[in-house]
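Remarks on the overall topology
Letter by letter, the chains look like this.
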Amino acid sequence: MSTLFISDIHLCSDRPDMTAALVHFLEHDAPGADALYVLGDLFEFWIGDDDPNPLLQQIAEAFAALSQQQVPLYFIHGNRDFMLGQQFAKRAGMTLLGDPCVIELYGERVLLSHGDLLCTRDEGYQKYRRITQFKWLRWLFLRLPLSRRQAIAHKIRGQSRMEKTVKRQTIMDVTPQAVDDMLRQHGCRTMIHGHTHRPAIHDFTLDGQPARRIVLGDWFEQGSVLVCRPGEQRLEVRALQGASD
C-alpha cells in the first residue's frame, strides 16, 4: 500500500537518460501503487497536444500502460507544461487536477500544488503567470503554426535560464506566509509541492498545531519520488540508471 508523487522531470529530447529513468520507474516501481500523482513540469516545455515529437507518444504510452494496470494517474500543470490538455491526458490515462487541490491520503486531507503559486516574492514571474492563465491567449497560441510555437518556446526557455542566473535564490523559493495562507484556506496541515527543486520535508507549527510541507525534487541528476504509506511519508531517490538497463 503506497501512493507515489513525482514532479519536475523536465523531459526533453536532449536528455534521453531522464526519459529512460522515468519509463523504468513507471514499468518497475509504480505498478501496484494506490495512485501516482505528477505535480507538474513533466515536460521541459509544452507547445500543444498536437506536437508530433515522438517523445510525447513514448511517454503517453508508458503512462497508459501503467493506467491499464489499474493504477490511478493524476496530473497538476507546472509552469513549463501548463498547456498540456485533455487530448494528451486521455492518451496517457491521466486525470487533470486543478492547482491547488485537496486529496484524501490515508485519512488525512493533503494539499497538492505545483508550487509556483507559493513563490510570491518573484513578482516578475507572478505577473507572467497571470498572463499565461488568460484563456484567449492560450487559444491564440495553440492556433499558431507548429514551427512558430516551437520558436516561442525556445525563446522563453532561453529567457528563463538567463533570469535564473541573476535572481536571488530566496526570491525563487516559496514564501512562508503564502504556504501558511494556502494551508489555512483549504483546511489542511500537510502540503506536497514541487517547482523549487529543493527536496526536503519541513515540519513547522501552524496556528499552534504541527504542519508539514514536503518538497519534491527534480530529475536532472537523480530521480526524486515521495512514497506515502499510512503514517509514513518518505522522500526517495532513483538513479538515472534506466538509460543503461
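Scoring rules and cut-offs
Residues numbered from 1 in each chain as written. Predicted model: local features only at pLDDT ≥ 70, side-chain atom pairs only at ≥ 80, totals over all residues. Heavy atoms only, no water. Helix = DSSP H or I, 4+ residues; strand = E, 2+ residues; numbered from the N terminus. Rg over C-alpha atoms; globule rule 2.2 N^0.38 Å. Buried < 20%, exposed > 50% of the residue type's maximum accessible area, 1.4 Å probe, protein only. Contact = heavy atoms within 4.5 Å. Areas by Shrake-Rupley, 256 points an atom, 1.4 Å probe, with all protein chains shown as cover. Lys, Arg positive; Asp, Glu negative; His and termini not counted. Charge placed at Lys NZ, Arg CZ, Asp CG, Glu CD. Core = buried A, V, L, I, M, F, W, Y, C linked by side-chain atoms within 4.5 Å. UniProt positions renumbered as here; feature names shortened; annotations may be inferred. Axes fitted to C-alpha atoms, helices over the stretch in contact; angles between N-to-C directions. Parallel < 35°, antiparallel > 145°, perpendicular 65-115°, else oblique. Left-handed = near helix turned anticlockwise from the far one by under 90°. Nonpolar A, V, L, I, M, F, W, Y, C, P; charged D, E, K, R; others polar.

**Notes on the overall build of the protein chain**
For the protein chain, the helix and strand inventory stands at eight helices and 11 strands. Taking 18 Å as the expected radius of gyration for a compact globule of 245 residues, we find that the protein chain reaches 18 Å, a close match to that expectation. Dimensions of the protein chain along its principal axes, counting C-alpha atoms only, are 55 × 40 × 30 Å. Burial analysis of the protein chain (245 residues in total) assigns 49% to the buried set. Excluding contacts between residues fewer than 6 apart, the proportion of contacts in the protein chain whose partners are at least 24 apart in sequence is 65%. Accessible surface computed for the protein chain: about 12,100 Å², of which carbon and sulfur atoms make up 53%. Charge-centre separation for the protein chain: the mean point of 28 positive side chains lies 7 Å from the mean point of 30 negative side chains.

**What to know about the nonpolar core**
Of all hydrophobic cores here, the largest spans 41 residues; its most connected members are Leu-22, Phe-25, Leu-42, Phe-63 and Trp-219. Broken down by secondary-structure element, the contributors of at least two residues to this core are β1 (3-6), α1 (16-28), β2 (35-38), α2 (54-67), β3 (73-76), α3 (86-92) and β10 (223-229). Ranked by residues supplied to this core, first place goes to α2 with seven residues. Residues in contact with Leu-42, not counting those within four places in the same chain, are Ile-9, His-10, Leu-11, Leu-22, Ile-59, Phe-63, Phe-75, Asp-81 and Met-94. Listed in part, the 15 residues of the second largest apolar core include Ile-103, Leu-105, Ile-192 and Leu-226.

**Some words on the UniProt feature "binding site: substrate" (unreviewed entry) in the protein chain**
In the UniProt entry, the feature "binding site: substrate" (unreviewed entry) is given for Asn-79, Arg-80, Asp-122, Ser-160, Lys-164, Lys-167 and His-195. Positionally, Asn-79 belongs in the loop between β3 and α3. Discounting residues that sit within four places of it in the chain, Asn-79 has contacts with Asp-41, His-114, Asp-116, Tyr-125 and His-195.

**Some remarks on the packing of α1 against α2**
The packing of two helices is summarised by the inter-axis angle and the distance between the axes. At a minimum axis separation of 9 Å, α1 and α2 run at an interaxial angle of 15°. In this view, α1 runs roughly parallel relative to α2, as classed from their interaxial angle. As for the relative orientation of α1 and α2, their crossing is left-handed in sense. Residues Thr-19, Leu-22, Val-23 and Leu-26 of α1 pack against Leu-55, Gln-58, Ile-59, Ala-62, Phe-63 and Leu-66 of α2. Its residues assigned to classes, the contact of α1 with α2 comprises eight nonpolar, two polar and no charged.

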